[in-house]
Amino acid sequence: MSSSANASAITLSAPAKINWFLRVTGKRADGYHDIYSAMQAVSLYDTITIEPSDTLELISDLKIPERENLVYKAAEVFFARKELNTTHHSSRITLKKEIPAQAGLGGGSSDAAHTLVGLNKLFGDIYSVEELSSMAAELGSDVPFFISGGFAVVEGRGEKVIPHKVNSTISLLLIHPPFPISTAWAYGQFAGRGFTAIPDPGQLRDNLITALESYDFKCLAGCMKNDIEDVLKDRFPAIQEIEKAMLKAGAEAAMLSGSGSAVFGVFKDAKTLDKAAQSLAAHYTDCLIKKATTHSK
């Protein structure tokens, strides 16, 4: 997370994320699914600017009603939690999107989390990190991760976030095909299917962190697994086609991020990544293709 501020406004960069692994372990009584996942923020950003105002207003080029945007909902939750007087405590929020929607990259969740963080800075840190995380959990399963950002293991429906320091920078190529995938729909495909049993979750986490820090790409590829991809592969064959093309172009590993539809490829260095990006862009002219790197706090 990065930000700049003056007396009248604050601007934040809200990063996308990838899932290094995403295991769906069961169905919850509240209708959500239990997951065990490792998330990491990456260098693809939306930009959020927040200014004090007498009324709550969201300026965005997204073609959805203002009140349905997670940014607007986050601001409503922020101001309602302590029943702040919105005549004197409100804001004008400008959202500039770079992260594609319904791509499994967490753009909307990151925007919501950074709206909470930005408002808190603007109005004098009136909430603790724990309170911000609680508000984030009300807004969506991935939102709490972005309060801490960096690298974290998440559990439950995503509200349990355990940050870890990871000392590495991994080169990535993100390819978003020209079709969205609804998260709710994707998880709905587990109906009637079995769930994953992970014999030793801690070992999986430790193996992943060791692989990332030692740039052991073979081990990293062995840790990467997305249960959602397995239930989507027949409906969206383009996902596996893109993965195969990334591997052919020099990626060490490739996988669907989150519930999709974006695919990320892992590259051993920027030179290999640049060459692959050029060749894949010439072939996948209808896809959004972005280069990125991981980052950790």
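Data block above holds the structure.
Residues numbered from 1 in each chain as written. Predicted model: local features only at pLDDT ≥ 70, side-chain atom pairs only at ≥ 80, totals over all residues. Heavy atoms only, no water.

Q: Describe empty space enclosed by the protein, naming the residues involved and giving the relevant values.
A: Any empty space left between the atoms is revealed when a probe the size of a water molecule rolls over them. A complete count under the given rule lists one cavity of 30 Å³ or more for this structure. One number sums up the size of the largest cavity: a volume of about 40 Å³. What lines the largest cavity is simply L44, P100, L105, L174, I175, H176, A262, L288 and K290. Elements represented by at least two residues in the lining of the largest cavity include exactly β8 (171-176) and β12 (288-293). Ranked by residues supplied to the lining of the largest cavity, first place goes to β8 with three residues. Of the residues that constitute the lining of the largest cavity, the class distribution is seven nonpolar, one polar and one charged. (1 Å grid on protein atoms, 1.4 Å probe; cavity = no way out; pocket = protein on both sides within 12 Å on 5 of 7 lines; lining within 4 Å. Points joined across faces, edges and corners; volume = space filled by probe spheres on them. Helix = DSSP H or I, 4+ residues; strand = E, 2+ residues; numbered from the N terminus. Nonpolar A, V, L, I, M, F, W, Y, C, P; charged D, E, K, R; others polar.)

Q: So what about unusual backbone geometry? Which residues, and what values?
A: Here the bond from G260 into S261 is cis, since omega is 20 degrees, no more than 30 degrees from zero. Tracing the chain through its elements places S261 in the loop between β10 (253-256) and β11 (263-267). A positive phi angle, close to 50 degrees, is found at Q102, a residue other than glycine. Residue placement: Q102 occurs in the loop between β5 (90-96) and α2 (107-122).

Q: Tell me about the packing of helix α1 (residues 70-81) against helix α3 (residues 129-139), and please be specific about residues and values.
A: With their axes 10 Å apart at the nearest point, α1 and α3 run at an angle of 135 degrees to one another. Comparing their axes, α3 and α1 come out oblique. The interaxial crossing formed by α1 with α3 has right-handed handedness. Contact residues: α1 offers L70, K73, A74, V77, F78 and R81, while α3 offers E131, S134, M135, E138 and L139. Taken together, the residues of the contact of α1 with α3 break down into six nonpolar, one polar and four charged. (Axes fitted to C-alpha atoms, helices over the stretch in contact; angles between N-to-C directions. Parallel < 35°, antiparallel > 145°, perpendicular 65-115°, else oblique. Left-handed = near helix turned anticlockwise from the far one by under 90°. Contact = heavy atoms within 4.5 Å.)

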